[in-house]
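Architecture and fold: a report
Each chain, written out:
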Amino acid sequence: MKHIGKIISALLLFAEMCALYLLIPHITDSGMRSAFFTPARAVAVVAACFIGFFLFLFINVCPRLTFDKSAGRRNRILENGAALLQLFLATTTAGSVFVILHSLFLQTGGSGLGYGIGRLLSLLLLVLMESVLFWNGIIRVYTTSVQLGIKWRVIGIVCGWIPLVHIWALCRIIAITANEAAFEKEKYLLDQTRAESRLCETKYPLLLVHGVFFRDFRFFNYWGRIPYALKRNGATVYYGSQQSAASVANCGQELAQRIREIVQQTGCEKVNIIAHSKGGLDSRFAISACGAAPYIASLTTVSTPHRGCIFADYLLDKIPVKVQKSVARKYNATLKKCGDHSPDFLAAVQDLTASACERRNGELPNQPGILYQSVGSRMNCASSGRFPLNMAYPLVRHFDGANDGLVSVESAVFGEHFTLLTTEEGRGISHGDTIDLNRENIPGFDVREFYVNLVADLKEKGF
């Protein structure tokens, strides 16, 4: 039933195109003989043209024949774009078969210059109509889809010039965007249904703390679509905003100051920290060494290397010091331009080694009255992650065992409760997947729903 609108649209368009293909040659041929256009026939032709034009226009605006508002505006545009591409593929295929069969077996009557001109005009009109359908659909999905990414956008452009291959590419684009639209619509309806329950309205606000080599930029959220999903379900969200690359001690001090500012400005008394990667180490330092403990209700670390990475020790041992310093200088100079006041690339990397984490674990005891818990993930193969995680995975596996492309499962375990994220079949979950870095809908794992449930659990525990 959910496809009935698109089926009706396809049938109407196909019927309209067949009618144009059959009638235009006869109209032009009769018109040139001045025998067809009596006043009554002229009115009928004009009326038919207007009806056909507005039908075609309406289907281009609303290809599913419904003004469904049960999803966000962006998702409605995406859903209609995918539907237009489906209509294009269906009507182009059916129309091509009809034209070929008619030309070979069904063509009757009609000859001369007028009929030939009419046949050419009808073909040009059909091509124009199909072009409108295609470009209307492709522009919509290219400008609204998240799941297409750069990869499928480029494939679509390149393969669009290769016969037969372009059909395969178009089918893949339709499948990806249609599935995305359906998935996002379900999530929208789910959030609408539970809006009143405000699952994520915790007693204390959330503080999301980013990992190394990233910052909390306004136009590129480190946490992907997660903050929006949390806010839709009642959460109050703040960000750590510490430097992208500095020592754990320096970042911890910045976080402690940030926490005090939030508490003083809002009167919230405490915050619930959710920290990713090195952000978990920064948060632990802020709590245990910088006096932030009285202001913390809970700390949830996600993919944090609490026991460090043996792989990092190996790299620092093998890469010449001169090369390390050269890379550090270039990185620090770039990050200063992006807002870091005193970036220290080498200090950040050195603090992720197994030796540094072992020493620090003895210096940073957990504080009483704070809920400590952790989340880790596991990739199932190197191809599960995007660059550079796909390159790092086998190396980290060699030194540290099962991992997410950067952090081993064993190193991520911390606190009173540990949750392992993976998929039994397929790709598994990478270091970037745990923060929705690539905005990818992963079969078997809904990262936004995971965080909604995580925060809902904090609320249920009184935090």
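Higher on the page you've got the structure.
The structure reproduced in this document is the subject of the present report. Fair warning: this is a prediction, and the values are worked out from it, not measured in the lab.

The rules behind each value
- Residues numbered from 1 in each chain as written.
- Predicted model: local features only at pLDDT ≥ 70, side-chain atom pairs only at ≥ 80, totals over all residues.
- Heavy atoms only, no water.
- Pairing = 2+ DSSP bridges.
- Helix = DSSP H or I, 4+ residues; strand = E, 2+ residues; numbered from the N terminus.
- Axes fitted to C-alpha atoms, helices over the stretch in contact; angles between N-to-C directions.
- Core = buried A, V, L, I, M, F, W, Y, C linked by side-chain atoms within 4.5 Å.
- Buried < 20%, exposed > 50% of the residue type's maximum accessible area, 1.4 Å probe, protein only.
- Contact = heavy atoms within 4.5 Å.
- Salt bridge = Lys/Arg side-chain N within 4 Å of Asp/Glu carboxyl O.
- Parallel < 35°, antiparallel > 145°, perpendicular 65-115°, else oblique.
- Left-handed = near helix turned anticlockwise from the far one by under 90°.
- Nonpolar A, V, L, I, M, F, W, Y, C, P; charged D, E, K, R; others polar.
- Right-handed = clockwise from strand over helix to strand, strands pointing away.
- Polar contact = N/O pair within 3.5 Å; in protein donor to acceptor, adjacent residues only side chain to side chain.

1. Description of the sheet that holds strand E6 (residues 417-421)
Strand order across the open sheet formed by 6 strands is E2-E1-E3-E4-E5-E6, with parallel pairing between neighbours. Each edge of the sheet is formed by a strand with only one pairing partner; in this case those strands are strand E2 (237-239) and E6. The sheet shows a mean angle of 20° between the axes of neighbouring strands, direction not considered. For strand E3 (residues 271-276) and strand E4 (residues 296-302), the ladder comprises 6 bridges, and the chain directions are parallel. If you follow Ile 274 over to E4, its bridge partner there is Thr 300.

2. Overview of the nonpolar core
If you look at the biggest cluster of nonpolar residues, it comprises 36 residues, and the most contacted ones within it are Leu 207, Ile 259, Val 271, Ile 273, Ile 287, Ile 296 and Leu 299. The element contributing the most residues to this core is helix H8 (residues 248-266), with 6 residues. Not counting the four nearest positions on each side in its chain, Leu 299 is found in contact with Ile 273, Ala 275, Ser 283, Arg 284, Ile 287, Ile 370, Leu 371, Tyr 372, Gln 373 and Phe 414. Membership of the second largest hydrophobic core comes to 26 residues, among which are Tyr 21, Leu 78, Phe 98 and Val 99.

3. Structural notes on the pattern of salt bridges
Scanning the model with the defined rule gives 17 salt bridges in all. Arg 194 is the partner of Asp 191 in a salt bridge, and the nearest nitrogen-oxygen pair spans 3.0 Å. The pair Asp 191 / Arg 194 is uniform in exposure class, with both members buried. Residues participating in the shared-partner salt-bridge network are Lys 187, Asp 191, Arg 194, Arg 232, Asp 446 and Glu 449.

4. As for the packing of helix H5 (residues 149-159) against helix H6 (residues 165-193)
Taken N-terminus to C-terminus, the directions of H5 and H6 make an angle of 150°; their axes are 9 Å apart at the nearest point. Put simply, H5 runs roughly antiparallel to H6. The crossing of H5 and H6 is left-handed. Two secondary-structure elements touch here, H5 through Trp 152, Ile 155, Gly 156 and Cys 159 and H6 through Val 165, His 166, Trp 168, Ala 169, Arg 172, Ile 173 and Ile 176. Across the contact of H5 with H6, the residue classes break down as 8 nonpolar, 2 polar and 1 charged.

5. Comments concerning the pairing of E3
Burial analysis of E3 places 6 of its 6 residues in the buried class, which makes it a mostly covered element. Every second residue of E3 is oriented toward a common face, with Val 271, Ile 273 and Ala 275 on one face and Asn 272, Ile 274 and His 276 on the other, all of them buried. Where strand E1 (residues 206-209) meets E3, 4 bridges bridge the pair, whose relative direction is parallel. Opposite Leu 208, over in E3, you have Ile 274 as the bridge partner. Between E3 and its parallel partner E4, the chain crosses via helix H9 (residues 278-289), and the hand of that crossover is right-handed.

6. What to know about the environment of Cys 357
Within the secondary structure layout, Cys 357 lies in helix H13 (residues 354-363). Residue class for Cys 357 comes out buried when judged on its relative accessible area of 1%. Sequence-wise, Cys 357 and Asp 282 are 75 residues apart; in three dimensions their C-alpha atoms are separated by 12 Å. In this view, Cys 357 contacts Leu 281, Pro 305, His 306, Arg 307, Gly 308, Asp 351 and Leu 352; residues no more than four positions away in its chain are not counted.

7. Quick look at the side chain of Thr 434
With respect to the secondary-structure elements, Thr 434 resides in the loop between E6 and helix H16 (447-460). The exposure class of Thr 434 is buried, given its relative accessible area of 1%. In terms of polar contacts, Thr 434 uses its side chain to reach the side chain of His 276, at 3.3 Å. Ignoring any residue separated from it by four or fewer positions in sequence, one finds Thr 434 in contact with Ile 226, His 276, Val 302, Ser 303, Ser 377, Leu 421, Ile 429, Val 447 and Tyr 451.

8. Overview of the pairing of E4
With 7 of 7 residues buried, E4 lies mostly within the body of the structure. The sheet contact formed by E4 and strand E5 (residues 371-377) spans 5 bridges and is parallel. What sits directly across from Val 302, in E5, is Val 375.

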